[in-house]
Amino acid sequence: MSRTITSLPFLVMLTLGLLLSVGLWTPGFAKASGTEASSDIPSIEESIEEVIDRNVENSDTAAEEASEIPAPSTCGALQVIGTQLSDENGNAVQLKGVSTLGLAWYPEYINYDCFAQLKSEWNVSLIRLAMYTAESGGYCTDGDQEYLKTLIRNGVEYATDLDMYVIIDWHILSDGNPNTYIEEAKAFFDEMSSEFAGYSNILYEICNEPNGNVSWADIKTYASEILPVIRANDPDAVILIGTPNWSQYVDQAAADPITGYDNLMYTLHYYAATHTDSLRSTFVAAMDAGLPIFVSEYGISDASGNGTLDIDQANQWMELLDDRQISCAMWSFSNRDESSAIIKSSCTKTSGFTMDDLTDSGKWLYEMLTEGTDDSSESGNSSADAADDSGSSGSGSSGSVSSTPDGLTCTAQLVNQWESDGVPFYQYTVTLENTSDADLIGWIVELTFSGSISLSDSWNGEYSLNGFTLTITPKDYNKAIAAGGILSDIGFIISGAGTLISCE
Ligand code: IDC
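What comes next is a walk through the structure. (Residues numbered from 1 in each chain as written. Predicted model: local features only at pLDDT ≥ 70, side-chain atom pairs only at ≥ 80, totals over all residues. Heavy atoms only, no water.)

**What about the packing of helix α5 (residues 145–161) against helix α6 (residues 182–195)?**
Direction vectors running N to C along α5 and α6 enclose 30 degrees, while the axes themselves pass 12 Å from each other. For the element pair α5 / α6, the angle class is roughly parallel. The interaxial crossing formed by α5 with α6 has right-handed handedness. Across the interface between the two elements, Lys 149, Ile 152 and Arg 153 of α5 pack against Phe 188, Glu 191, Met 192 and Glu 195 of α6. Here the residues of the contact of α5 with α6 sort into three nonpolar, no polar and four charged. (Axes fitted to C-alpha atoms, helices over the stretch in contact; angles between N-to-C directions. Helix = DSSP H or I, 4+ residues; strand = E, 2+ residues; numbered from the N terminus. Parallel < 35°, antiparallel > 145°, perpendicular 65-115°, else oblique. Left-handed = near helix turned anticlockwise from the far one by under 90°. Contact = heavy atoms within 4.5 Å. Nonpolar A, V, L, I, M, F, W, Y, C, P; charged D, E, K, R; others polar.)

Rendered as structure tokens:
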């Protein structure tokens, strides 16, 4: 299959994938300030900072408009209202994302570019960091605790920088009873919640899957020790609590929920090729009884994490989750050689994944997450399909992106595209129009792309590429734009996977 995920961005680029903001400083000329070139003139450094601040704000707005997926910058701190996960204003929020496999085993996927691609191309709003407690390399057995915490800290930082939600998952499994390592859990959650007390994008999952001879009462005992520890540091973060029988007996939690705390949710986990109607009925009944449920882990394989996928059941589950606005994370973002893994075992990349790199689970996930979110009006097409369809379309007016902050209109126009050795190249021109009635001296243009790009050529400006942001400042000869004047002939060529949206 030649189709790549990175072909999706091209469509988005044509429509809105290129976010652009522009700033200027006007020493002595700006009418609004009514000043002359005098001591009121800010130093250029100060001015640049102001302009960048303003640009960041503008970019944030553009990102919000361009993206409908929930993000901490727009939803703020999450809360639980009734059974519903909600944003800080009380609107329902449904997070969708992925769970890592064991952090100790697959640390390589904890990297910024990987998370950035998940966000920008896959619409992932949630990353679950699964830290096994007792399996090989487990936090409470033979694992390197400092290293594991470093992985969590890194994961949290990347998710935070990328405006995503993140779950810190105390992944009990073979240690079926959460009380087995309760002292370690207390110390761990105390440390994490004090460290991340100021963050509004973190959810704490205090026990992945109690199992074996563990009652709901045992779990409540455990929770009664852990919840005060987290709440002492972070009074509001959403806390997820596992339920008996590998987080399936939500009915038991519904019959006897934990009281005395806000913002608690209970987890239900399913594997679509194993769990079907009966678990769905339990789930619906528990919700209807008032239990807030979070699907912090699911797979579309069988419960072993392997075996044949059941796409029909997978879709039935997702329909229900969508219907009830239930948040979920899919197991597992790894290349383990098992059918629940999202990345093929033959793929050793740690970011920049293409469709070819995905397993059938991965493809299902990608399609599910991106369905209906592209700007193509061809209903029924997945984003990837629509992107393919658009691949041959020319530059056209849809390749133009404009913004008009402070009387300076900036337009970036895609004027050409081609492929060389399989690498896509895009040529843009930038036009600046001073729509104010004051002369301007000095300008900054910031173009934010959705993914990694390289600058292969540029003209009539000083260019610097930092992450996904291309900043253009003038040459000596084109600093000034007279009132009403237009500056054109600025342009550049980029290559690579300049994909949708990542605005600081
Ligand atoms: C499985 C992994 C598998 C690993 C095993 C460790 O997929 O590679 O060897 O754990 O015991 C869960 C658990 C999750 C399991 C997964 C699949 O939360 O840790 O991962 N699963 O069995 N609950 C239901 C299924």
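**Some thoughts on the environment of Ser 334**
On the secondary structure map, Ser 334 appears in the loop between β11 (328–333) and α12 (360–370). A sequence separation of 13 residues divides Ser 334 from Cys 347, and the C-alpha atoms of the two residues are 9.8 Å apart. Residues in contact with Ser 334, not counting those within four places in the same chain, are Leu 101, Tyr 106, Tyr 109, Ala 341, Ile 342 and Ile 343. A polar side-chain atom of Ser 334 sits 3.2 Å from the main-chain amide nitrogen of Arg 336. (Polar contact = N/O pair within 3.5 Å; in protein donor to acceptor, adjacent residues only side chain to side chain.)

**Considerations on unusual backbone geometry**
With an omega dihedral of -5 degrees, the bond running from Trp 331 to Ser 332 counts as a cis peptide bond. As for its placement among the helices and strands, Ser 332 is situated in strand β11. If you check the backbone angles, Asn 245 has positive phi at about 60 degrees while not being a glycine.

Interpretation note: all reported values are geometric properties and have no functional meaning in isolation.
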